[in-house]
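Descriptive analysis of the structure
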Amino acid sequence: MSRISYQDLGLVNTKAMFKNAIEHQFAVPAYNFNNLEQLQAIVTACAESDSPFILQVSSGARKYAHQTLLRFLAEGAGAMLRELNPHLRFALHLDHGDTFELCKTCIDSGFSSVMIDGSHHSFEDNIALTRKVVDYAHQYDVSVEGELGVLAGIEDEVSSEHSTYTHPEEVIEFVKKTNVDSLAISIGTSHGANKFKPEQCTRDASGVLVPPPLRFDILEEIEKKIPGFPIVLHGASSVLPKYVKMINEFGGKIEDAVGIPEEQLRKAARSAVCKINIDSDGRLVFTAMIRKVFKDKPGEFDPRKYLAPARDELKNMILEKNKNVLGSAGKGKLIFAS
Ligand code: G3H
Ligand code: 13P
Ligand code: ZN
């Protein structure tokens, strides 16, 4: 198959987005998608709020939706976006790429950005793998995100029982030797809806779990070592109690779910963190809304009747995040201003 360039699809890499995010103290949202309705919600919300954004696809998403269909869905999203908000652009990003071959396949099929997650390898092997991806990607002006430090929980197929915070003393060497464009770090976030064990949390007056604060001291150390370098925060869903409550009210069972408080994400977005990854919050919204329809209307069997409310509520959640948490709303015009 011949190579498809993201430029021909009307996509952008993350370079200008991140430069603007650092300069104007916001973070670009990176939303994961697996299906049509998630994609509709992301595109319409970002178009309406005029927010630059990153559409991200995990290897699991590629398997679920079929890699070719998924790419065409993303291409279609570009065409739809140009109708809704002609000056806005997005990056198409591989989330948690684990091999050179997977990154190359995505680069060759129109992705404008890839993550190579070598965080589970030794420092030296992580550098070597990341450098190999960067050398290939940069020939085509594709951006590369690397990772140093390990998040607690499940990172796709990579399971890590305990997190290892990023060591600030390693970042200069990593960035220099790999030539990556951005760096994902570990400062206390983790993937999924149960980011902290109850015993790691305290409880407020009404018994609600309060998670330990993110390690902003480590972030500050990293910023001092590589000033102005784009930092990425994975595992940054807030696990909004409203949707967990709905899920449990309408027949679900999600216990002790805790996310990252929005105030801490606002603080991160004003720092060198210029990409914030959100997947679980979207999953919770979808599940809550579908469960509500099934509870309210047990006879409903037209998928559009339960997927549309889920899609519409996801759109509202993204509008809210862009405006009030990441600060990316209204920054769309900056993409071409760099
Ligand atoms: O970081 C992982 C993302 O939430 C993607 O999850 O591998 O289940 O698609 P997934
Ligand atoms: P959440 O599970 O917190 O949404 O994190 C998603 C993520 O980091 C995708 O790479
Ligand atoms: Zn992640």
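Everything in this summary refers to the structure shown in the same document. Because the structure is predicted, anything quoted here is derived from the model rather than measured.

Bringing the environment of Pro211 into the picture now. Mapped onto the fold, Pro211 is located in the loop between strand 10 (209-210) and helix 8 (216-225). Separated by 49 residues in sequence, Pro211 and Ile260 place their C-alpha atoms 7.5 Å apart.

Tallied over the entire structure, the rule returns 21 salt bridges. With a shortest N-O distance of 3.1 Å, Asp135 and Arg131 are connected by a salt bridge. Placement of both Asp135 and Arg131 in helix 6 (residues 123-138) is noted, with a separation of 4 residues, approximately one turn of the helix. For Arg131, a relative accessible area of 30% gives the class partly exposed. Connected through shared salt-bridge partners, Glu262, Glu263 and Arg266 make up one network.

Moving on, we come to the coordination of the zinc ion (ligand 3). On the protein side, the zinc ion (ligand 3) has His96 (NE2), His191 (NE2) and His234 (ND1) as donor atoms, found 2.1 Å from it. Binding-site remark: the zinc ion (ligand 3) is held by donors from one chain whose sequence spacing is H-x94-H-x42-H. Linking His191 in the loop between strand 8 (182-185) and strand 9 (202-203) with His234 in the loop between strand 11 (231-233) and helix 9 (241-249), this pair joins segments that are 43 residues apart in sequence.

Taken together, 16 residues lie around ligand 2, and Asp95, Lys195, Ser237, Asp279 and Ser280 are the ones closest in. Asn277 is positioned such that a nitrogen or oxygen atom in its side chain is 3.1 Å from an oxygen atom of ligand 2. Of all the elements in the fold, those that place two or more residues in the shell around ligand 2 are strand 3 (90-97) and strand 12 (273-278).

Note on placement: Thr14 falls in the segment before helix 1 (15-23). For Thr14, the side chain forms a polar contact with the side chain of Ser143, separated by 3.0 Å.

This paragraph deals with the nonpolar core. With 99 residues, the main nonpolar core has Phe53, Leu55, Leu183, Ile231 and Ile276 as its most contacted residues. With 9 residues, helix 12 (residues 303-326) is the largest single contributor of residues to this core. With residues near it in sequence (within four places) discarded, Ile231 still touches Leu183, Ile185, Leu219, Ile222, Ile226, Ala272, Val273, Cys274 and Lys275.

So, about empty space enclosed by the protein. In this structure the tally under the stated criterion is 2 cavities of 30 Å³ or more. If you add up the space inside the largest cavity, you get close to 80 Å³. Lining the largest cavity are Tyr31, Asn32, Gln38, Ile42, Ile278, Asp279, Gly282, Arg283, Leu314, Met317 and Ile318. For the lining of the largest cavity, the elements supplying multiple residues, two or more each, are strand 1 (28-32), helix 2 (36-49), helix 11 (280-296) and helix 12. Of all the elements, helix 12 adds the most residues to the lining of the largest cavity, at 3 residues. For the lining of the largest cavity, the residue count by class is 6 nonpolar, 3 polar and 2 charged.

Right, let's get into the packing of aromatic side chains. Going through the model one piece at a time under the given rule, you end up with 5 aromatic pairs. Summarising the aromatic geometry, the rings of Phe100 and Tyr136 are spaced 5.9 Å apart at their centres and angled 80 degrees between planes, so their arrangement reads as edge-to-face. You can see Phe100 sitting in helix 5 (residues 100-108) and its partner Tyr136 sitting in helix 6, a full 36 residues away along the chain. Take Phe100 and Tyr136: they sit in the same class, and that class is buried. For the ring pair Phe123 and Phe174, a centre distance of 6.5 Å and an interplane angle of 40 degrees mean the geometry is tilted. Of this pair, Phe123 sits in helix 6 while Phe174 is found in helix 7 (residues 168-178), placing the two residues 51 residues apart along the sequence. Neither residue differs from the other here; Phe123 and Phe174 are each classed as buried.

Moving on to the sheet that holds strand 2 (residues 53-58). Read around the closed barrel, 8 strands run 1-2-3-4-5-8-11-12, paired in parallel fashion. With strand direction ignored, the average angle separating the axes of adjacent strands in the sheet is 25 degrees. Looking at chain direction, strand 4 (residues 113-116) and strand 5 (residues 143-148) are connected through 3 bridges and run parallel. From the neighbouring strand, Ser113 faces strand 5, where its bridge partner is Ser143.

Rules used in this analysis
Residues numbered from 1 in each chain as written. Chains lettered and ligands numbered in written order. Predicted model: local features only at pLDDT ≥ 70, side-chain atom pairs only at ≥ 80, totals over all residues. Heavy atoms only, no water. Helix = DSSP H or I, 4+ residues; strand = E, 2+ residues; numbered from the N terminus. Salt bridge = Lys/Arg side-chain N within 4 Å of Asp/Glu carboxyl O. Buried < 20%, exposed > 50% of the residue type's maximum accessible area, 1.4 Å probe, protein only. Donors = N, O, S within 2.8 Å, 3.2 Å for Na, K, Ca; no water. Near = heavy atom within 4 Å. Polar contact = N/O pair within 3.5 Å; in protein donor to acceptor, adjacent residues only side chain to side chain. Core = buried A, V, L, I, M, F, W, Y, C linked by side-chain atoms within 4.5 Å. Contact = heavy atoms within 4.5 Å. 1 Å grid on protein atoms, 1.4 Å probe; cavity = no way out; pocket = protein on both sides within 12 Å on 5 of 7 lines; lining within 4 Å. Points joined across faces, edges and corners; volume = space filled by probe spheres on them. Nonpolar A, V, L, I, M, F, W, Y, C, P; charged D, E, K, R; others polar. Phe/Tyr/Trp six-rings, centres within 6.5 Å; stacked < 30°, edge-to-face > 60°. Pairing = 2+ DSSP bridges. Axes fitted to C-alpha atoms, helices over the stretch in contact; angles between N-to-C directions.

From the geometry alone we can't say anything about function, so treat these as descriptive.
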